[in-house]
Every structure is written in C-alpha cells, then in structure tokens.
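Observations on the three-dimensional arrangement
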Amino acid sequence: MNGILKRLQNGILIFEVPLELYQKEAILFAAHTFIDRCYVDIDPSSEKCINVSFRQKNKDIQLDNIALEFCNELLDQQIRLNVEKSYGNIRDLIVKQAFQPIEDIQSEVKI
Amino acid sequence: MSNGKPYQLLPFRFMRLNDNKRLVVNEVGEYTFLSEDNFAKLVNHTLESQSVAFLDLKAKHILTDTSITSAIDMLAIKYRTKKAFLYNFTSLHMVVPTLRCNSNCIYCQVSKKNPEAVGFDMDKKTAKNTVKMIFASPSPAIKIEFQGGEPLLNFSLVKYIVKEAEKLNKIHKKELSFVICTNLTLATPAILKFLKRHNISISTSLDGPYELHNRNRPLQNNEVSYTKVISNIKLARDILGLGSVSALMTTTRYTLAHMKEIVDEYVRMGFQYIFIRSLNPYGGAKQESSAINYAIDEFVEKYKETLDYIIGLNLKGIYIIESFSALLLQRMLTPFATGFVDLQSPAGTGIEGAVYDYNGNVYVSDEGRMLAAMGDQQFLLGNVNANSHKEIFASSKLKELITNSCIECLPICCHCVFQPYCGSDPVRNYAEHGDIICHAGLSNTCKKCKGILRHLFELLERNDKNINKIFWSWINKMPSKELINCEAY
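Residues numbered from 1 in each chain as written. Chains lettered and ligands numbered in written order. Predicted model: local features only at pLDDT ≥ 70, side-chain atom pairs only at ≥ 80, totals over all residues.

Take the overall build of chain A next. The secondary structure content of chain A amounts to four helices and four strands. Listed by position from the N terminus, the elements making up chain A come as β-β-α-β-β-α-α-α. Taken over C-alpha atoms, the radius of gyration comes to 18 Å for chain A, far larger than the 13 Å a tight globule of 111 residues would show. The buried share of chain A, taken over its 111 residues, is 23%. In chain A, the proportion of contacts linking residues at least 24 apart, taken out of those at least 6 apart, comes to 54%. (Helix = DSSP H or I, 4+ residues; strand = E, 2+ residues; numbered from the N terminus. Rg over C-alpha atoms; globule rule 2.2 N^0.38 Å. Buried ≥ 20, exposed ≤ 12 C-beta atoms within 10 Å, placed from the backbone. Contact = placed C-beta atoms within 7 Å.)

Secondary structure summary: chain B contains 19 helices and 16 strands in total. For chain B, the C-alpha radius of gyration of 24 Å lies close to 23 Å, the compact-globule estimate for 489 residues. Each of the three principal axes of chain B carries a C-alpha extent, and together these read 75 × 55 × 45 Å. Counting the 489 residues in chain B, one finds 44% classified as buried.

All names here are of chain B. Taken domain by domain, chain B comprises domain 1 (8–82) and domain 2 (85–392). For domain 1 and domain 2, the distance between their C-alpha centres works out to 40 Å. Residue-level contacts link four residues of domain 1 with five residues of domain 2. Along the lines of polarity and charge, the residues of the side of domain 1 that touches domain 2 split into no nonpolar, two polar and two charged. (Domains from an automatic or database assignment. Nonpolar A, V, L, I, M, F, W, Y, C, P; charged D, E, K, R; others polar.)

On to the sheet that holds strand 2 (residues 12–16) of chain B. Residue and element names in this part refer to chain B. Strand order in the open sheet formed by three strands is 2-3-4, and the pairing between neighbours is antiparallel. The open sheet has two free edges, formed respectively by strand 2 and strand 4 (31–35), since each of these has just one partner strand. Recorded for the sheet is a direction-independent mean angle of 25° between the axes of neighbouring strands. As defined by bridge partners, strand 3 (residues 21–26) adjoins strand 4 across five bridges and the pair is classed as antiparallel. Residue pairing for strand 4: L23 is matched across the bridge by F33. (Pairing = 2+ DSSP bridges. Axes fitted to C-alpha atoms, helices over the stretch in contact; angles between N-to-C directions.)

It is worth spelling out the interface of chain B and chain A at this point. Taken together, the contacts link 21 residues of chain B with 24 residues of chain A. Counting residues per element, the ones that place at least two in the side of chain B that touches chain A are strand 1 (8–9) and helix 3 (68–82) of chain B. When the residues that make up the side of chain B that touches chain A are grouped by side-chain class, the tally is 12 nonpolar, five polar and four charged.

The next point concerns the sheet that holds strand 3 (residues 38–43) of chain A. Residue and element names in this part refer to chain A. In spatial order, the strands read 1-2-4-3; together these four strands make up an open sheet with antiparallel pairing. Looking along the sheet, the strands with just one partner apiece sit at the ends: strand 1 (5–9) and strand 3. Sheet twist, expressed as the average angle between the axes of neighbouring strands with direction ignored, equals 15°. Note: strand 2 (residues 12–18) against strand 4 (residues 49–56), seven bridges, orientation antiparallel. Looking at strand 4, one finds that I12 is bridged to R55. Packing of helix 1 (residues 24–32) onto the sheet brings it into contact with strand 2, strand 3 and strand 4, and relative to strand 4 it is tilted by some 0°.

Right under this line is the structure:
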C-alpha cells in the first residue's frame, strides 16, 4: 500500500495512483464506492499519475481502513475491466438474444 | 479457443466474501465460491481443465472451453426467464377507497385523514372509471388490492368495486384476485362474510405483542388496538379460513430491541410468514424520523440476528418463513422470475403495479402516492376521470422512469455482484436522495439489500445441510421433514 499512499494527515488521505498500473476508469470506479463515507477528490497530478484524496464525512470513519479498502477496491476494479475486455460483447449478445433472437450469433461475437 | 486461450470467460461479477473466498456470480444469478488462488487462476486463464473449480465454473456458464454461441444461447434463455416479470405489464392495481383512517400509527406513511373528515372518499364514478382503467391492462392476471386510509371505513365502495370488477371480468376472463389491506379493527361478521363470498384475502398489520403493537399502532378513539386486532384476526380465520389472513410488521426504533418477541408473537398467532420490514421514508416516518428511525446499518444487524433466530426456530420444527429472505433466496437459488415491485430491474413502478387514489389520480406506486400526500406530485401519471390508459401507461413520464431504473446501466450497480438479485425503485431513490437514479453509495435501500444478501451468501457458503433445507423449504413453501442434528445451530 505504501507504494501508492502519499500521506495520511489532518483527516485527509491522499493516494498517488500510477496510470501504468491502473486505468483511469478503475480509479474512478474504486473511488466512487467510498462516497458514502468520504468526500472524494480526484486530481490528475501528471500524465503518469492520478491523485485521489479522501476526507472523512465524520470522525467515526477510520481512514486506516479506508486506505486498506481502497487498495483492494482498486485491484478489483482493474480486474473487472480486464475480464470485461476479455469477454468482449458477449454480455450484450446475451441480452439481445434473450429478447430479439440473433440469426447468426457467431458472426456477431467480438472478442 | 480461437483467441489462443484455453477457455473463454463469460460475463460474471465478483466480490470478496472474506479473506479467503470470492463470490462469483454469472449474468443470470448462478453463483459459486472460489478460493483466492482459484480466482486468480480463473482470471489469468490458468485453471486446470479437470479441476473441480473449472468444471463447476463451466457448468455455471462462467467460462466455456467449447462453443461460445451455445453458451450465449443458454444464458439468453435463462436471462429471458429471469426477466419474465416483464411479459404481462401491470397486474397489481392498488385502489384507495378512502384516505380516512381510525388508526394513528406513529409511522403513518400515507398522511391519513380522521374518520370524520369529509371529501376524502372515492366516489362511484371514479370507482367505475378505475375498474375500467384496470381492465384496460393487457395483463392476463389482475390483482386489485384495497389500500388506505382504512378501506373498511368506505366498505360500500369496496363492495361496489368488487362487483364491478367481477362484472367486467365476465367479458375479459382474466385471472382476477382481491386483497384488502386493513387494520381489521372495524371488521364485522357481515364484512368478513362478504370477503369470503368474493374470495378476498386479508392483509393486516401486527407490529408485535401487546405493548409494541399499541405503541406503534394506537387507535384514535383510545380503544386498545392490539386486543381488537387479535380478536378480529381470530374472527376472520373462523369465517374465511386459517390461511386467509397475512400480516406485516414495521420496525421502529422502539421495536428494534424486541425483534425476537415479535417473531414469537407471529408464531403464537399461527402465522407462517413474517416480513421484517424497515421504515419507509414517507409521511409520518419521515416527519418523525429522529424519534422513530434508526441507522440502516443498525437495522441490518438486527435483521441478521432475527433471521438467525427464525432459522433456529425452524430447526426446532417451528415452521416460519422470513418473507424478504425467502424472496431473495428464490432469486439466488432458482432460475425463475419473482414478483416484488420494489426490487426489480427495470423497476416495477407503473409496469407491474400502479395506485389509484381516492380522487382518481394514478401514481406509479404506493410510495409515489405517499410523496404526493406530502405535497410532491412528481409521480402522478394522470387521472382515471380525465386520461386514457394509453395516456397514463404509455406516457413519456413513465417511460423515463423505467429507462432510468435499469441497474444494469447504473454506476456501482453495473459491477455489483448482487445485481442479478436486486432492483431499483425510482420513487424510493427520489425520496432518499432527491434523484430517481439510484446512487448506490448513498442509498439506504442499497445498504440494506447488500447487507442482507451478503449474510445469506455467508450462510450458503457454510453449506450446512440443515440451513440449506430450511432455505429450500421457504422457497417451496413446504416444511422440511428431514432436519439432522438440529441442536448444533
């Protein structure tokens, strides 16, 4: 975690997330899951990194836990993007086939 | 596989269930639990093709090493089955014969009027047009549910609507059924005999034993609510039969500490169902929120405790179903669609259920009417005396609501592992955070459903034969006869 955690002080947690490890979408999705507990600020600090800061909404929120959870969430969101990429348009085809059968499914599969 | 990988992943969602286990769910709600090791292998395409995990994932269409088109076709059939609730359009029609009520519930969600109030009863012309509107629905099944106020305060109109509906149904030949939601305190043998003659089910409210029920649901005339309700439940059962009365409870801050007593009261009264319901953010429940409300996390913890208690009772041979868990389990463990207007995707508002208020106004849901009673007409679709079925049910307002309620396309929901079992209620979203779109991170409904679904999956992950049998007995609505070593729970 220390790799991406920049600092934790004055009730604010700041991460510097490298874009070579995580896509922007994964960072946004991961940050979004904390909006019930924290105020979240996203700042593209450079072309290589995105800064994500969390300010607790109340003092009962443990920022140490948020830090640990955010790291796991980032990882999970990146895996989601990766596996979604690997099954291409299959999800769309399932829904389409369910309600308006496709004549030649194979020709529409894009993976 | 054509892409050079040993197998093709099919769409799935996942979450960490605990430090060692991942819950993996496919597009149609079939699930499995994977160790961290196997999960890593799955996503890296390195699972051994003869391993138990591989075969399980293949059987559940989370991966395929054969034909992708067959897998898509099979998942599409299952998807269509899961969404079968969309086939028939509006089948549940809630009618408000009067807004007057003799109760004074501390959480009243409908902003009721006093029994003597004038101008809050449905008139015959509106009732006739309401029935005509109901029968314009293309659904082959029509359920008319009388809501309130207290419908027994305008029972002559209830009788009129029942007879009008039966008359129209001689032409339409639909599967017609009736439910009356009543506090039962005004029930008489004559009323109950009418209900029996017309096969009308009773849905009443029982918030627990004597003190709790009276505290939550006092009567306006200072009579003791509990005594009246209990004696009339018995009278109704005598006249209509044992299974004719169902009951609902609402959890307030007062009752949170007494959930087991409430369950015991339901058992004592011979009910086979209890629905542990949280407060709705409408009417009195919103106005009095600081006095009777609670944090949703607190409710979820109590719900879990109470569910465990109910499971314990079932293990001792006392058959009682917790209705919300039973509904979710049916979604988790069977391929079938379930009817529950409040938790569908797309939402059931308007297209599964609609509400006809005493003045003929048509709302997308009972909650839409509750908001209207608080002065917000956001969910008014039209009026039976002024608009056609098409103007109301094919309106751009309703279409917009439904379009925005598909959780498959919403942030957070689109990735949520519980999505195949969940749904959206745009009215509830609007009441909770001012937007018809679900903001999962800010939604109490989301927190409640996630907490309960997670608990159910944790119970399933134990793979305890007795708990599994109880869950199946809830889905099948038949007590299990073969529980083993029940003392252990």
